[in-house]
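Analysis of the macromolecular model
The chain contents come next:
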Amino acid sequence: MRCSAFLILCSLAAFSLPAANAQEQAVGLAAPLSESFGLLGQQMRDGARVAARSADARIVEADTRCSAEAGEAAARTLIEQKVSVVVGFLCTDAIEAALPLFAEAGVPVITPGVRTATLTDQRERTGWPVFRTAPRADAERDAVARLLLPRWRDAFFAIVDDGTIYGRELSENLRATAELQELKPVFIDTFRPQLDNQIGLAGRLKRSGATHVFVGGDRSDIAILARDASGMDYDLTIAGGEALRAEESAVPLAEGTLMIGLPRWADIASEQARRALEEAEIVPDGYVLPGYAAMEIALAATASEGTAAEALAAQTFQTALGPHAFDEKGDLVQPLYRLFRFDGQTFKEVE
């Protein structure tokens, strides 16, 4: 190895597993391993390392530090190390700086962390070889409509939001999709959030005749609305987005509340992955299991005939988090968001 390359590797805290034989493949891992996002990057690295333990592959690590400069430097390091595929990235600036270099070198990237919609939307223009196992930024809003409207088609449903960008985006997309399906809410409103009570909103919903309501808002407001509706002897089914995963509010969340959200990865992980992480004494928090699954895909792609990019574009991969395949833009084909019902203690998936 040339001295200059060695210095670059050291500055990026690169790490390589020992080579097993001359035919092994090199797989890159690019993640923020220091500074403010270091904990999340280390979770991804922990999962990826465990997934690679039984593989005949050399893992080369580089610290992106969640910045454009470090992302570009990490790409140069990994390309110089002749990796055939890269797993990682959590931040848009870092991956957007790295992808032009990876595109020129013909190295595909699998990211379990970057949700920015334009990352894959601009593939036709940029030619960036990126494959995303993370949900898109707009996946939650699309899932709200996809999961609720078929169930509420014959119900008197309402749509309300708290006026925030998050709440308004979810609610407006649900309303627009309902309109395209010739479904009309009986009531649409914007409410004032973070009040001690939502008696006024509950009363307006009751007078409208709504039996179901989607609330674009946080857990606390949804819990208060359910409490106040119950106090009126008003039987109301309430649904919200993944903000319902927030910590318990002062008012307990009502049993039966619906949530459109991501599963807890540890709840759906394969027994093999759970056992491997337990043996490695790694708690499957945060990005551990997404990193594990992304590395499984990378290793399978490098073992396929042809290039890794060709395999990623054409195959379905069996991972610790279920089957993964990619569409023409590089987004995951399988929907990640699911419908859950609160049982008084936790959210259970609705079949």
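Notes on the structure follow. (Residues numbered from 1 in each chain as written. Predicted model: local features only at pLDDT ≥ 70, side-chain atom pairs only at ≥ 80, totals over all residues. Heavy atoms only, no water.)

Looking at the pattern of salt bridges
Applying the stated criterion across every chain yields a total of 22 salt bridges. Of the charged contacts in the structure, one is a salt bridge between Arg175 and Glu179, with a shortest N-O distance of 3.1 Å. With Arg175 and Glu179 both in helix 8 (residues 165–180) and four residues apart, the pair spans about one turn of that helix. Classification of Arg175 as partly exposed rests on a relative accessible area of 24%. Taking relative accessible area as the criterion, Glu179 reaches 53% and is therefore assigned exposed. Because the salt bridges share partners, they merge into one network encompassing Asp121, Arg132, Arg136, Asp138, Lys329 and Asp331. (Salt bridge = Lys/Arg side-chain N within 4 Å of Asp/Glu carboxyl O. Helix = DSSP H or I, 4+ residues; strand = E, 2+ residues; numbered from the N terminus. Buried < 20%, exposed > 50% of the residue type's maximum accessible area, 1.4 Å probe, protein only.)

A few points about the sheet that holds strand 7 (residues 187–190)
Taken in spatial order, the seven strands of this open sheet run 7-6-8-9-10-13-14, and their pairing is mixed. Of all strands in the sheet, those bounded by a partner on one side alone are strand 7 and strand 14 (347–349). With direction set aside, neighbouring strand axes in the sheet form an average angle of 25°. The pairing of strand 8 (residues 212–216) with strand 9 (residues 237–240) spans three bridges and is classified as parallel. (Pairing = 2+ DSSP bridges. Axes fitted to C-alpha atoms, helices over the stretch in contact; angles between N-to-C directions.)

Regarding the layout of surface pockets
Of the voids in this model, the largest pocket is the one considered here, and its volume is about 500 Å³. Lining of the largest pocket is provided by 24 residues; of these, Leu262, Pro263, Trp265, Gly286 and Pro290 occupy positions nearest its centre. For the lining of the largest pocket, the secondary-structure elements that each account for two or more residues are helix 11 (265–268) and helix 13 (288–302). In terms of residue count, the dominant contributor to the lining of the largest pocket is helix 13 (three residues). For the lining of the largest pocket, a count of residues per class yields 14 nonpolar, five polar and five charged. Considered as a void within the structure, the second largest pocket measures approximately 260 Å³ in volume. In terms of lining residues, the second largest pocket is bounded by 15 residues, among which Ala139, Leu332, Gln334, Pro335 and Leu336 are the most central. Residues belonging to the lining of the second largest pocket are distributed by class as follows: nine nonpolar, one polar and five charged. (1 Å grid on protein atoms, 1.4 Å probe; cavity = no way out; pocket = protein on both sides within 12 Å on 5 of 7 lines; lining within 4 Å. Points joined across faces, edges and corners; volume = space filled by probe spheres on them. Nonpolar A, V, L, I, M, F, W, Y, C, P; charged D, E, K, R; others polar.)

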